[in-house]
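A closer look at the structure
This is what each chain is made of:
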Amino acid sequence: RFFARWLLPVYPLLCLLAAHAAATGAAWALRRLPRRSASGLRPSSPASPRPAWAGVAAGILLCAQGVLFSVHNDLVLAREDTRGLARDWMVRHVPEGAKVVVEPVVPDGWATDPGRPSRATGNGSRWVKWRTSRSRVQNDGTVRPGRGRVVKLEDYERTLRPQLVDSYQRGGFCWVLTGSTQQGRAFAEPDEVPAAIRYYEALGRAGRVAFTALPTKDARPLHDFSFDFSFNYYPLGYARPGPEIVVYRLSGESCA
């Protein structure tokens, strides 16, 4: 994995190097472009460097990217998160107490109404959630007998297999929410988690898409997955925060 924040200690040094390069470049440019005299004729010797316009231009160029993307990031973060949009839709369309599968792309409290614990579930959540935090599947794909193990967030994709879709439907878990911060990781390296790829294909065949929330402009789906970009929204194509969310409605077995 790579995180851009690992470079944070280097940024001050890069700023100093960039400033030195700008000052040196401005001085070089002024030496190469001698000023004209009041009569309009070039003087016999180059004029002494003056940092006026060259220094201002260099400063604008150095700051332009930071200003542009800071404003962009503020605008994106001012809009509602895709996970909030998905929750609002589910509140309106998924009955309280219904069984749902929610990929680990939201905090646990996402399924709870603040200050109003639900009486339809045993833990106060609005819906009964499939336990994605436990699995009998090991990281190498082998099945472990018993209650299974606690699944780390970064290992979730390794626990997926197409048989899970049938288990959802038999158990009455008829709503499945997926997020690109999990699903995208699988499709970025499909050879690492082939069972997860088959799982998403089975999910697409067994269910219909009931709702989609996209963080990009013009409702365009994400193409090239980036873990960093999924959280810092650096590309200008982002219009709102959050992952790409898809909610499926299953119809087999107990969900018919």
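One can find the structure itself at the top, above this paragraph.
A brief structural summary. (Residues numbered from 1 in each chain as written. Predicted model: local features only at pLDDT ≥ 70, side-chain atom pairs only at ≥ 80, totals over all residues. Heavy atoms only, no water.)

Attention shifts here to the overall build of the chain. Tallying secondary structure elements over the chain gives seven helices and seven strands in all. Taken from N to C terminus, the helices and strands of the chain fall in the order α-α-α-β-β-β-β-α-β-α-α-β-α-β. Taking 256 residues into account, the globule formula puts the C-alpha radius of gyration at 18 Å, and the chain, at 27 Å, lies well above it. Principal-axis analysis of the C-alpha atoms gives the chain an extent of 90 × 40 × 30 Å. (Helix = DSSP H or I, 4+ residues; strand = E, 2+ residues; numbered from the N terminus. Rg over C-alpha atoms; globule rule 2.2 N^0.38 Å.)

Attention shifts here to the packing of helix α5 (residues 180–188) against helix α6 (residues 194–206). For the pair α5 and α6, the least separation of the axes is 9 Å and the interaxial angle reads 120 degrees. Relative to α6, the element α5 is oriented oblique. For the element pair α5 and α6, the recorded crossing hand is left-handed. In contact with Gln182, Gln183, Ala186 and Phe187 of α5, α6 contributes Ala196, Ile197 and Tyr200. Counted by class, the contact of α5 with α6 contains five nonpolar, two polar and no charged residues. (Axes fitted to C-alpha atoms, helices over the stretch in contact; angles between N-to-C directions. Parallel < 35°, antiparallel > 145°, perpendicular 65-115°, else oblique. Left-handed = near helix turned anticlockwise from the far one by under 90°. Contact = heavy atoms within 4.5 Å. Nonpolar A, V, L, I, M, F, W, Y, C, P; charged D, E, K, R; others polar.)

Our focus in this paragraph is the side chain of Asp81. Take Asp81: it is sitting in the loop between α2 (52–77) and α3 (82–93). Using a relative accessible area of 19% as the deciding quantity, one classes Asp81 as buried. A polar atom in the side chain of Asp81 sits 2.8 Å from the backbone nitrogen of Arg83. If we ignore the near neighbours within four places in the chain, the residues touching Asp81 are Pro241, Gly242 and Pro243. (Buried < 20%, exposed > 50% of the residue type's maximum accessible area, 1.4 Å probe, protein only. Polar contact = N/O pair within 3.5 Å; in protein donor to acceptor, adjacent residues only side chain to side chain.)

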